[in-house]
Amino acid sequence: MKPIWKAVSAALCLALASQPLSAQPQEFHSGTVITEFGPVATVEQDVEIPADARFKILFDVSKAAEPGEINRTLVSAARFINMHAENGVDPGNIEIAVVVHGGAAVDLTKDSVYTSADNRPKNANAAAIERLLANNVKIYLCGQGAAFYDIRNDDLLPGVEMALSAMTMHALLQQGGYTLNPF
């Protein structure tokens, strides 16, 4: 049996993590590169980030966003850009790739496809994807998952690229120097 403090601690963490951003501490603010989403906090750092730092980061996402919301991994990609730019890293030195598979595949589709699934509202990810693409983010959809969900290339939002598979993209991107973000 779990001690009561573990259960209370877990419940408190879950409650805090599920709060909307407006209920989060005031130190979070809009980023300077992608202002619409991807909020950041100013942090007093002990580890300096070199001004000439270069990042090649790979984000993996398989869980779809709740209808009407932006996928959390897309928000994380924007946050990565925003927080590093705020701390002196040239956004041109940040290369991000997002590999999408599983249920998240629908988040990359045009409204005509997105809204037809379960009578959803318009795809909130469309504007986010447009902003990410404008900031040098590459977004790939697993072709195997797309086939499973009957998603074709012409169903995808502009700029989203169809890959053979998520596994293939992970291998190719890692061979190209990308590191997998574990969050």
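Peer 1: Hey, could you run me through the packing of helix α2 (residues 72-86) against helix α4 (residues 125-134) in this one?
Peer 2: How two helices pack is summed up by the angle between their axes together with the distance between the axes. Remark: α2 packs on α4, axes separated minimally by 11 Å, with the N-to-C direction vectors making an angle of 30°. When the axis of α2 is compared with that of α4, the two are roughly parallel. Regarding α2 and α4, the two cross each other, and that crossing is left-handed. Side by side, α2 and α4 meet where Leu74, Ala77 and Ala78 of the first sit next to Asn125, Ile129 and Leu132 of the second. Grouping the constituent residues of the contact of α2 with α4 by class yields five nonpolar, one polar and no charged.

Peer 1: What is the right way to read α2 from this model?
Peer 2: An α-helical turn contains 3.6 residues, so a residue and the one three or four places further along point in the same direction. For α2, with 15 residues, the first-to-last C-alpha span of 21 Å sits near the 21 Å given by 1.5 Å per residue. When α2 is considered as a whole, its buried residues turn out to be Thr73, Leu74, Val75, Ala77, Ala78, Phe80, Ile81, Asn82, His84 and Ala85. On its buried face, α2 sits against β2 (40-41), β3 (55-61), β4 (94-100), α4 and β5 (137-142). Of the residues flanking the start of α2, the one acting as N-cap is Asn71, its side-chain oxygen 2.9 Å from the backbone nitrogen of Thr73. Two residues or fewer past α2, Gly88 is found with a positive phi of approximately 95°.

Peer 1: Teacher, can you tell me more about the nonpolar core here?
Peer 2: Generally speaking, soluble globular proteins have nonpolar side chains that are buried together. Counting 33 residues, the largest nonpolar core has Ile96, Val98 and Leu141 as its most contacted members. The set of elements that each furnish at least two residues to this core consists of β3, α2, β4, α4 and β5. The element contributing the most residues to this core is α2, with seven residues. Setting aside its immediate chain neighbours within four residues, Leu141 contacts Val100, Ala105, Leu108, Ala146, Ile151, Leu156, Val160, Glu161, Met162 and Ala163. Membership of the second largest hydrophobic core comes to ten residues, among which are Ala97, Ala163, Leu173 and Tyr178.

Peer 1: Hey, could you run me through the pairing of β5 in this one?
Peer 2: The two faces of a sheet get side chains in turn, since along a regular strand they alternate between them. Along β5, five of the six residues are buried, which leaves the element largely enclosed by surrounding structure. In this structure, β4 lies alongside β5, joined through five bridges in parallel fashion. Note that in β5 the partner of Val99 across the bridge is Tyr140. Sheet analysis places β5 next to strand β6 (residues 161-163), joined by three bridges and oriented parallel. Counted as the bridge partner of Leu141 is Met162 from β6. Read as a crossover between parallel neighbours, the route from β5 over helix α5 (residues 143-148) to β6 is right-handed.

Peer 1: So what exactly am I meant to see when it comes to the sheet that holds β3 here?
Peer 2: The five strands lie next to each other as β6-β5-β4-β3-β7, forming an open sheet whose pairing is parallel. Here the strands that pair on one side only, and so sit at the sheet edges, are β6 and β7 (179-180). Of the strands in this sheet, β3, β4, β5, β6 and β7 are in contact with helix α6 (residues 166-175), which crosses β4 at around 160°.

Peer 1: Just to check I follow, could you spell out the pattern of salt bridges for this structure?
Peer 2: Two side chains with opposite charge may pair up if their charged atoms get near one another. For the structure on display, the rule yields two salt bridges. The salt bridge involving Arg152 is made with Asp150; its shortest N-O contact spans 3.0 Å. Under the relative-accessibility criterion, Arg152 is labelled partly exposed at 46%. Since its relative accessible area comes to 51%, Asp150 is described here as exposed.

Peer 1: Could you clarify how one ought to interpret the packing of aromatic side chains in this entry?
Peer 2: All chains considered together, the criterion is met by three aromatic pairs. One aromatic cluster in this structure is built from Phe55, Phe59 and Phe80.

Peer 1: What exactly am I supposed to notice about the environment of Asn181 here?
Peer 2: Mapped onto the secondary structure, Asn181 falls in the segment after β7. Expressed as a C-alpha distance, the spacing of Asn181 and Ala77, which sit 104 residues apart in the sequence, is 9.7 Å. Aside from chain neighbours lying at most four places away, what touches Asn181 is Ile57, Leu58 and Phe59.

Rules used throughout
Residues numbered from 1 in each chain as written. Predicted model: local features only at pLDDT ≥ 70, side-chain atom pairs only at ≥ 80, totals over all residues. Heavy atoms only, no water. Axes fitted to C-alpha atoms, helices over the stretch in contact; angles between N-to-C directions. Helix = DSSP H or I, 4+ residues; strand = E, 2+ residues; numbered from the N terminus. Parallel < 35°, antiparallel > 145°, perpendicular 65-115°, else oblique. Left-handed = near helix turned anticlockwise from the far one by under 90°. Contact = heavy atoms within 4.5 Å. Nonpolar A, V, L, I, M, F, W, Y, C, P; charged D, E, K, R; others polar. Expected span 1.5 Å × (residues − 1). Buried < 20%, exposed > 50% of the residue type's maximum accessible area, 1.4 Å probe, protein only. Polar contact = N/O pair within 3.5 Å; in protein donor to acceptor, adjacent residues only side chain to side chain. Core = buried A, V, L, I, M, F, W, Y, C linked by side-chain atoms within 4.5 Å. Pairing = 2+ DSSP bridges. Right-handed = clockwise from strand over helix to strand, strands pointing away. Salt bridge = Lys/Arg side-chain N within 4 Å of Asp/Glu carboxyl O. Phe/Tyr/Trp six-rings, centres within 6.5 Å; stacked < 30°, edge-to-face > 60°.

Such coordinate-based values are descriptive only and should not be taken to indicate function.
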